[in-house]
Amino acid sequence: MQSEAGSAQLNNSLIKRVAGLVTKVSDAFAFPLRTSHYIELVNPLWSTHALQARVEAVWDETSDSRTITLRPGLNWRSHRPGQHLRIGVPIGGQHFTRTYSISSAPERNDGCFTITVKAIDNGRMSHHLVRKLKVGDYVPIGVPQGDFYLPDAQPVLPLFITAGSGITPIMSMLRSLVLQERMPNTVHIHYAPHTYDVIFGRELKEIADRQKLYTLNLVHTREPGQKPEDITGKRPHFSKEQLEQLCPDWRKRDVYACGPQAMLDSIEKLYESEGLSRQVHTERFRAQLAGVPTEVKTGVVKFLNSNVSANSDGETNLLRLAEDSGLNPEHGCRMGICHGCDVKLASGCVRDLRTNALINETGQVIQICVCAAVGDAEIEV
């Protein structure tokens, strides 16, 4: 006898097939648009040509961070705990896209997921999401991506090291482990300036109280009321000595780390010196950039397809230069991973900010999110 779940899957499959056949016919009459474009006018979540999500709720985690609950539309697929997705919003007539980690567990049963965003200095999109996004708004989204997640098959002793909003992908992992009732022996070290800056602070403490195999270490990097400019002496940031104290068996554990670049660099350097690089798994919010050369050549960048020119300081990436000039190039992760911003170099030279390698071959494809101009350059944007 067929199970109810199996029958539901069969019915859903049949509905999708019938809907697909109907859409093929109706698309012929909707040309040059598609039927999905008209359906979008009724309910954006029903469209199939573009994946969107509706804001269902917002919750302030701290004074500068907010959790946003999103209900995705058709063509959505569930995530693995720790993965991220692209989200876009219109700001000032331009469309901006950024990548954010999913902070909820895939096991939640309301069809929604959450992202948790911290407003960063000069962050146009993060400030918009934290301060201006409201319930009922629709945002375009991508499908979950990334390989920062716990393995399914092999047992692992996790050591989570997080700081600030780097807690978000780890929170998805923790929530999933709790709901599955399979929390392994886990140590978690989290850095934040003060106790009131700890995103998910109350929930983390509740998990620590209820899950006997989960050990939480909250490290506050400032004294109460202390500001960054008031700090003198050494801060209590990540170090081998501190790690030995908080997690004596760290060499036996797989570390999953997310946070500021300086912290991740320190972790990778330590594990490399111990011959344990294979045990390190990191998630970075920004590309890992090389040091700026001692001599940087300024110039003028011409965006050929838009007939717009901009002065370059030789350090600002071409994507940001284009956006500051009023353009809206296609892009995705802004980290040099997804290749959503690939364009052709028409003339001149650019520098890959991750390696300082020079690219000067006409017609070569470059990633404008991680490349800066070296002198004058022309690109097909």
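The shown structure was predicted, so the numbers you read here are calculated from the model rather than taken from an experiment. (Residues numbered from 1 in each chain as written. Predicted model: local features only at pLDDT ≥ 70, side-chain atom pairs only at ≥ 80, totals over all residues. Heavy atoms only, no water.)

Describing the overall build of the protein chain
Stage number 1. Regarding its fold elements, the protein chain presents eight helices and 17 strands.
Stage number 2. A burial count over the protein chain gives 45% of its 381 residues as buried.
Stage number 3. A fraction of 65% describes how many contacts in the protein chain between residues 6 or more apart in sequence connect residues 24 or more apart.
Stage number 4. When the accessible surface of the protein chain is split by element, carbon and sulfur atoms take 51% of a total near 20,300 Å². (Helix = DSSP H or I, 4+ residues; strand = E, 2+ residues; numbered from the N terminus. Buried < 20%, exposed > 50% of the residue type's maximum accessible area, 1.4 Å probe, protein only. Contact = heavy atoms within 4.5 Å. Areas by Shrake-Rupley, 256 points an atom, 1.4 Å probe, with all protein chains shown as cover.)

So, the sheet that holds strand β6 (residues 138-140)
Stage number 1. Spatially, four strands are ordered β5-β2-β1-β6 in an open sheet, and the strand pairing comes out antiparallel. Looking along the sheet, the strands with just one partner apiece sit at the ends: β5 (113-118) and β6. Each strand of the sheet is rotated relative to its neighbour by a mean of 40 degrees, with strand direction disregarded.
Stage number 2. For strand β1 (residues 52-62) and strand β2 (residues 65-72), the ladder comprises eight bridges, and the chain directions are antiparallel. The partner of threonine 62 across the bridge, within β2, is serine 65. (Pairing = 2+ DSSP bridges. Axes fitted to C-alpha atoms, helices over the stretch in contact; angles between N-to-C directions.)

Remarks on the packing of helix α4 (residues 167-180) against helix α5 (residues 201-210)
Packed helices, taken two at a time, are described by the angle their axes make and the gap between the axes.
Stage number 1. Between α4 and α5, whose axes approach to 12 Å, the crossing angle comes to 35 degrees. Where α4 crosses over α5, the handedness of that crossing is left-handed. Contacts from Ile167, Met171, Leu174, Arg175 and Val178 in α4 reach Glu203, Leu204 and Ile207 in α5.
Stage number 2. Across the contact of α4 with α5, the residue classes tally to six nonpolar, no polar and two charged. (Left-handed = near helix turned anticlockwise from the far one by under 90°. Nonpolar A, V, L, I, M, F, W, Y, C, P; charged D, E, K, R; others polar.)

Things to note about the pattern of salt bridges
Stage number 1. Summed over the entire model, instances satisfying the criterion amount to 18 salt bridges.
Stage number 2. Here the residues in one salt-bridge network are Arg124, Arg320, Glu323 and Asp324, joined through shared partners. (Salt bridge = Lys/Arg side-chain N within 4 Å of Asp/Glu carboxyl O.)

A few points about the sheet that holds strand β11 (residues 280-283)
Stage number 1. Taking strand neighbours across the sheet as the criterion, the five strands line up as β9-β8-β7-β10-β11 in an open arrangement whose pairing is parallel. Edge positions in the sheet fall to β9 (214-220) and β11, since each of these pairs with one other strand and no more. Going from strand to strand, the sheet's axes swing by 15 degrees on average, the running direction of each strand aside.
Stage number 2. Relative to strand β8 (residues 186-192), strand β7 (residues 158-163) runs parallel, the two sharing five bridges. Considered in β8, the bridge of phenylalanine 160 is made with histidine 188.
Stage number 3. Against the sheet, α5 makes contact with β8 and β9, and its axis sits at roughly 145 degrees relative to β9, the strand it touches most.

Some details on the pairing of strand β17 (residues 371-379)
Stage number 1. Two elements, strand β12 (residues 299-303) and β17, share three bridges in a ladder whose sense is parallel. Paired with valine 301 across the strands is alanine 377, a residue of β17.

Some thoughts on the pairing of β7
Stage number 1. Among the six residues that make up β7, six are buried, leaving the element largely enclosed by the rest of the structure.
Stage number 2. Here β7 shows a buried face lined by Pro158, Phe160 and Thr162 and a second buried face lined by Leu159, Ile161 and Ala163.
Stage number 3. Sheet topology note: the β7/strand β10 (residues 254-258) ladder contains five bridges and is parallel. Within β10, the position partnered with threonine 162 by the bridge is cysteine 258.
Stage number 4. With α4 bridging β7 and its parallel neighbour β8, the resulting β-α-β unit is right-handed. (Right-handed = clockwise from strand over helix to strand, strands pointing away.)

Looking at unusual backbone geometry
Stage number 1. At asparagine 75, a residue that is not glycine, the phi angle is positive and equals roughly 70 degrees.
Stage number 2. Tracing the backbone through its elements, the reader meets asparagine 75 in the loop between β2 and β3 (84-91).
Stage number 3. Overall, the relative accessible area of 52% leaves asparagine 75 in the exposed class.
Stage number 4. Positioned with a positive phi, asparagine 307 is a non-glycine residue whose angle comes to about 55 degrees.
Stage number 5. Residue placement: asparagine 307 occurs in the loop between β12 and β13 (308-312).

Some points on the nonpolar core
Stage number 1. Ranked by internal contacts, the top residues of the largest apolar core, which has 25 residues, are Phe303, Leu318, Ile366, Ile368 and Ile379.
Stage number 2. Residue assignment for this core shows that the elements contributing at least two residues are β12, α8 (318-324), β14 (342-352) and β17.
Stage number 3. Among residues more than four places away in sequence, those in contact with isoleucine 366 are Leu318, Cys341, Asp342, Val343, Leu345, Val350, Ile359, Cys371 and Ile379.
Stage number 4. In this structure, Phe96, Ile102, Phe113 and Leu129 belong to the second largest nonpolar core, which totals 21 residues. (Core = buried A, V, L, I, M, F, W, Y, C linked by side-chain atoms within 4.5 Å.)

What about the packing of aromatic side chains?
Stage number 1. Here the structure, examined in full by the defined rule, presents four aromatic pairs.
Stage number 2. Summarising the aromatic geometry, the rings of tryptophan 250 and tyrosine 271 are spaced 5.2 Å apart at their centres and angled 70 degrees between planes, so their arrangement reads as edge-to-face. With tryptophan 250 in the loop between α6 (240-246) and β10 and tyrosine 271 in helix α7 (residues 261-273), the pair connects residues that are 21 residues apart, well separated along the chain.
Stage number 3. In this structure tryptophan 250 comes out as buried when scored by relative accessible area, which is 0%.
Stage number 4. Each residue in the set Phe148, Phe160 and Tyr256 is aromatic and connected to the rest through ring pairs, giving one cluster.
Stage number 5. Between arginine 175 and the ring centre of phenylalanine 200, over which it is positioned, the NZ or CZ distance is 4.9 Å. (Phe/Tyr/Trp six-rings, centres within 6.5 Å; stacked < 30°, edge-to-face > 60°. Lys NZ or Arg CZ within 6 Å of the ring centre and 35° of its normal.)

Points about the confidence of the model for the protein chain
Stage number 1. For the protein chain, the average pLDDT comes to 85, and 84% of its residues sit at 70 or higher.
Stage number 2. Note on residues 1-6: pLDDT under 50 across the span, and two contacts to partners over four residues away in sequence or across chains. (pLDDT = per-residue confidence, 0-100.)

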